[in-house]
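Notes for the structure review
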Amino acid sequence: WDQAMPADETVECDAVPAAASPITASDNCDTDVTVTFTEDITAGACDDAYTITRTWVATDNCGNAITHVQVITVEDTTDPTWDQGMPADETVECDAVPLVPVITASDNCDTDVTVTFTEDITAGACDDAYTITRTWVATDNCGNAITHVQVITVEDTTDPTWDQGMPTDETVEC
C-alpha cells in the first residue's frame, strides 16, 4: 500500500467516516496496480447500530494480491434532546390548570423520535384539590431515552361568590 491504511474503529452513528480515497498500491513490476473496494453493512441491534466492513484488494497484472479490511462498529449511545423548554412544576388554582403542551424531541441519528405522554391524577383533600403528574418520555430507535416529569399541584383557595345581589340588612315595622 502507498499510504497508511484505515484502522478499525468504533464511532457514534452520526460520525461514520467516509471511505478512505484514493487508495493506491505499488508493485515491483506492474506500474498500474488495480485497487478494488467493497463495503458491506451488517445490521445490529437497532437501526443506528451496525457494522461496516470495508475491503480493499490490490492486484497486479500477474494476479498477486494484498487485502486490507477495516471494520467500523457503529453505535448509538446518545439520548435524544428536548426541542423546547420543558414545563416546570407549578401550583395553580383549580380553574387554571394548564393545557398539556405538545412536546417534541430530536436525536443525533433518529429523525423520528417517539415521544409518549402519560398523566396521573392523585386525589387530594377535596374534589378540587389534587395533584397532576405529567410524564413525557422521548425514545430513539435504539432505545436511548430521556424523561421529563411535571407535577402540578391543584388547589381551591377561592371562596364562592353569590350569583345575584344579596339582600341587605334592613329594619322594618312589625
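To keep things clear, this report deals only with the structure shown in the data block. (Residues numbered from 1 in each chain as written. Predicted model: local features only at pLDDT ≥ 70, side-chain atom pairs only at ≥ 80, totals over all residues. Heavy atoms only, no water.)

**With respect to the overall build of the protein**
When you go through the protein residue by residue, the secondary structure sums to 0 helices and 10 strands. When the helices and strands of the protein are read in sequence order from the N terminus, they spell out β-β-β-β-β-β-β-β-β-β. A globule of 174 residues ought to have a C-alpha radius of gyration of about 16 Å, yet the protein, at 33 Å, is considerably larger. Across the 174 residues in the protein, those meeting the buried criterion constitute 28%. In the protein, the proportion of contacts linking residues at least 24 apart, taken out of those at least 6 apart, comes to 53%. By element, 50% of the accessible surface of the protein is carried by carbon and sulfur atoms, the whole surface being about 11300 Å². (Helix = DSSP H or I, 4+ residues; strand = E, 2+ residues; numbered from the N terminus. Rg over C-alpha atoms; globule rule 2.2 N^0.38 Å. Buried < 20%, exposed > 50% of the residue type's maximum accessible area, 1.4 Å probe, protein only. Contact = heavy atoms within 4.5 Å. Areas by Shrake-Rupley, 256 points an atom, 1.4 Å probe, with all protein chains shown as cover.)

**Some points on the nonpolar core**
Proteins that are soluble and globular tend to have nonpolar side chains buried together. Judged by nonpolar contacts, Trp82, Met86, Ile103, Ala105, Val113, Trp136, Ala138 and Ile146 together constitute the single largest core of 8 residues. Counting 6 residues, the second largest nonpolar core, distinct from the first, contains Val11, Ile72, Val74 and Cys109. (Core = buried A, V, L, I, M, F, W, Y, C linked by side-chain atoms within 4.5 Å.)

**Side note on the state of the cysteines**
In this structure the tally under the stated criterion is 2 disulfides. Two residues, Cys13 and Cys109, share a disulfide whose sulfurs are 1.8 Å apart. Handedness of the Cys13-Cys109 disulfide follows from its S-S torsion of about 105°: it is right-handed. Pair noted here: Cys13 is in the loop between strand E1 (9-12) and strand E2 (34-46) and Cys109 is in the loop between strand E7 (105-106) and strand E8 (114-126), with a separation of 96 residues, a long-range link. Since its relative accessible area comes to 11%, Cys13 is described here as buried. A relative accessible area of 18% means that Cys109 is categorised as buried. At a sulfur-sulfur separation of 1.8 Å, the disulfide partner of Cys46 is Cys142. Disulfide Cys46-Cys142: the torsion about the S-S bond is 90°, which places it as right-handed. In this pair, Cys46 is assigned in strand E2 and Cys142 in the loop between strand E9 (129-139) and strand E10 (145-155), connecting sequence segments 96 residues apart. (Disulfide = S-S within 2.5 Å.)

**A look at the pattern of salt bridges**
A complete count under the given rule lists 2 salt bridges for this structure. Between Glu39 and Arg54 there is a salt bridge, with the nearest N and O atoms lying 2.6 Å from each other. With Glu39 in strand E2 and Arg54 in strand E3 (residues 49-59), this residue pair connects regions lying 15 residues apart in the sequence. The partner of Arg134 in a salt bridge is Glu119, and the shortest N-O contact between them spans 2.7 Å. Separated by 15 residues along the polypeptide, Arg134 in strand E9 and Glu119 in strand E8 bring together distant segments of the chain. (Salt bridge = Lys/Arg side-chain N within 4 Å of Asp/Glu carboxyl O.)

**What about unusual backbone geometry?**
The peptide bond linking Ser21 to Pro22 adopts the cis configuration, its omega dihedral lying at -10°. Residue position: Pro22 is located in the loop between E1 and E2.

**Details of the sheet that holds strand E6 (residues 90-93)**
With respect to topology, 4 strands assemble into an open sheet ordered E6-E10-E9-E8, the strand pairing being mixed. Both edges of this open sheet fall to E6 and E8, since each of them pairs with a single strand only. Averaged over all neighbouring strand pairs, the angle between strand axes comes to 20°, with direction disregarded. Of the strand pairs in this sheet, E6 and E10 are connected by 4 bridges, and their pairing is parallel. Bridging across to E10, Glu90 finds its partner in Ile152. (Pairing = 2+ DSSP bridges. Axes fitted to C-alpha atoms, helices over the stretch in contact; angles between N-to-C directions.)

**A closer look at the side chain of Arg54**
For Arg54, a relative accessible area of 4% gives the class buried. Here Pro17 takes part through its backbone oxygen, which lies 2.7 Å from a polar atom of the side chain of Arg54. Excluding anything up to four places from it in sequence, Arg54 contacts Val16, Pro17, Ala18, Ala19, Phe37, Thr38, Glu39, His68, Val69, Gln70 and Ile72. (Polar contact = N/O pair within 3.5 Å; in protein donor to acceptor, adjacent residues only side chain to side chain.)

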